[in-house]
Amino acid sequence: MNQDERNAAILAKYIPDKAIPVIVKWIKEFDFKLKLTKVRNSKLGDYRPPIDRPNHQITINHNLNPYAFLVTLVHEIAHLTCYNKFKNNVSPHGSEWKREYCHLMTFFMNDDIFPNDVLFALATHLRTPGASSCSDADLLRALKRYDVNNAGSQLVFLEKLPFRTRFLFNGDRVFEKGLRLRTRYRCTEISSGAVYLFHALAEVELFEPISGVQSSFHIDGGL
């Protein structure tokens, strides 16, 4: 088995099959290392240029579903191609990066790779792509439909909970849902009284069952 075949076998665990040949080609062409990381609440992926390292490096959260993984990976590869063309002389998510991202996504915009609801959300997203797919509520909502929760999970989108409902976040921290401010909610931590802003599509755990509410590591990829 050669390196391309090994890379394809690894990628098959994380992205749609029809997307694999293009990503395998780009790994060789753009010479980057792809690594998986533990869950990071602040970001889904990350790009690092070849400064003090021999290769470009991209990291992706290991728990993303195949469609979210692919979108995040292409987002980060766009940073790579933008760096190759402009180095650090342009804004990280400026017009140059937007052009790169939109161009790279055209290789995957078909229903052999994405389901129709994700395709529609992506097409809208690509008109004005932002710094993260998480900043586009419609795209995030479409992608999260394909998450696989653990059996018996009590996770639910925060926007689904009634006002002043209490919920758990990050294990054992209890919050109370407050008023909505655009795409986020003001939520109060019960133990400290501190106020935090939560995205409407943050996945939280019910503190107490509520009638009528439905719940919706570092691994080296070796690439």
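Rules behind the numbers
Residues numbered from 1 in each chain as written. Predicted model: local features only at pLDDT ≥ 70, side-chain atom pairs only at ≥ 80, totals over all residues. Heavy atoms only, no water. Phe/Tyr/Trp six-rings, centres within 6.5 Å; stacked < 30°, edge-to-face > 60°. Helix = DSSP H or I, 4+ residues; strand = E, 2+ residues; numbered from the N terminus. Lys NZ or Arg CZ within 6 Å of the ring centre and 35° of its normal. Pairing = 2+ DSSP bridges. Axes fitted to C-alpha atoms, helices over the stretch in contact; angles between N-to-C directions. Parallel < 35°, antiparallel > 145°, perpendicular 65-115°, else oblique. Left-handed = near helix turned anticlockwise from the far one by under 90°. Contact = heavy atoms within 4.5 Å. Nonpolar A, V, L, I, M, F, W, Y, C, P; charged D, E, K, R; others polar.

1. So, the packing of aromatic side chains
Here's step 1: Under the criterion given, the structure shown has 13 aromatic pairs.
Here's step 2: Relative to Tyr 146, the ring of Tyr 67 has its centre 5.2 Å away and its plane inclined at 80°; by these criteria the two rings are edge-to-face. Residue Tyr 67 is located in helix 3 (residues 66–86), and its partner Tyr 146 is located in the loop between helix 6 (137–144) and strand 4 (155–157); the two are separated by 79 residues in the primary sequence.
Here's step 3: The interplanar angle of 85° and the centroid separation of 5.5 Å between the aromatic rings of Phe 167 and Phe 198 together place this pair among those described as edge-to-face. Of this pair, Phe 167 sits in strand 5 (residues 166–169) while Phe 198 sits in strand 8 (residues 195–199); the two residues are 31 residues apart in sequence, bridging distant segments of the chain.
Here's step 4: Members of the aromatic cluster, each reached through a chain of ring pairs, are Phe 167, Phe 169, Phe 175, Tyr 196 and Phe 198.
Here's step 5: Across from the ring centre of Tyr 83, 5.3 Å away, lies the NZ or CZ of Lys 87, which sits over that ring.
Here's step 6: The ring of Tyr 185 is capped by Lys 177, whose NZ or CZ atom sits 4.3 Å from the centre of that ring.

2. Description of the sheet that holds strand 4
To summarise the sheet geometry, strands pair through backbone hydrogen bonds and adopt either a parallel or an antiparallel arrangement.
Here's step 1: Reading across the sheet, the six strands line up as 4-9-5-6-7-8 and stay open at both edges, with antiparallel pairing between neighbours. What marks the edges here is a single partner per strand, and that holds for strand 4 and strand 8. Here the strands of the sheet are splayed against their neighbours by 50° on average, with no regard to which way each runs.
Here's step 2: Inspection of the sheet shows strand 4 paired to strand 9 (residues 203–206) by three bridges, in the antiparallel sense. If you follow Val 156 over to strand 9, its bridge partner there is Val 204.

3. A look at the packing of helix 1 (residues 3–11) against helix 2 (residues 20–30)
When two helices pack together, you describe them by how their axes are tilted relative to each other and by the distance separating the axes.
Here's step 1: Contact pair helix 1 / helix 2: the axes reach a minimum separation of 10 Å and the direction vectors enclose 130°. Overall, the two elements helix 1 and helix 2 adopt an arrangement that is oblique. Between helix 1 and helix 2 lies a crossing whose hand is right-handed. Every residue of helix 2 that contacts helix 1 at Asp 4, Asn 7, Ala 8 and Leu 11 is listed here: Ile 20, Ile 23, Val 24, Ile 27 and Lys 28.
Here's step 2: Across the contact of helix 1 with helix 2, the residue classes tally to six nonpolar, one polar and two charged.

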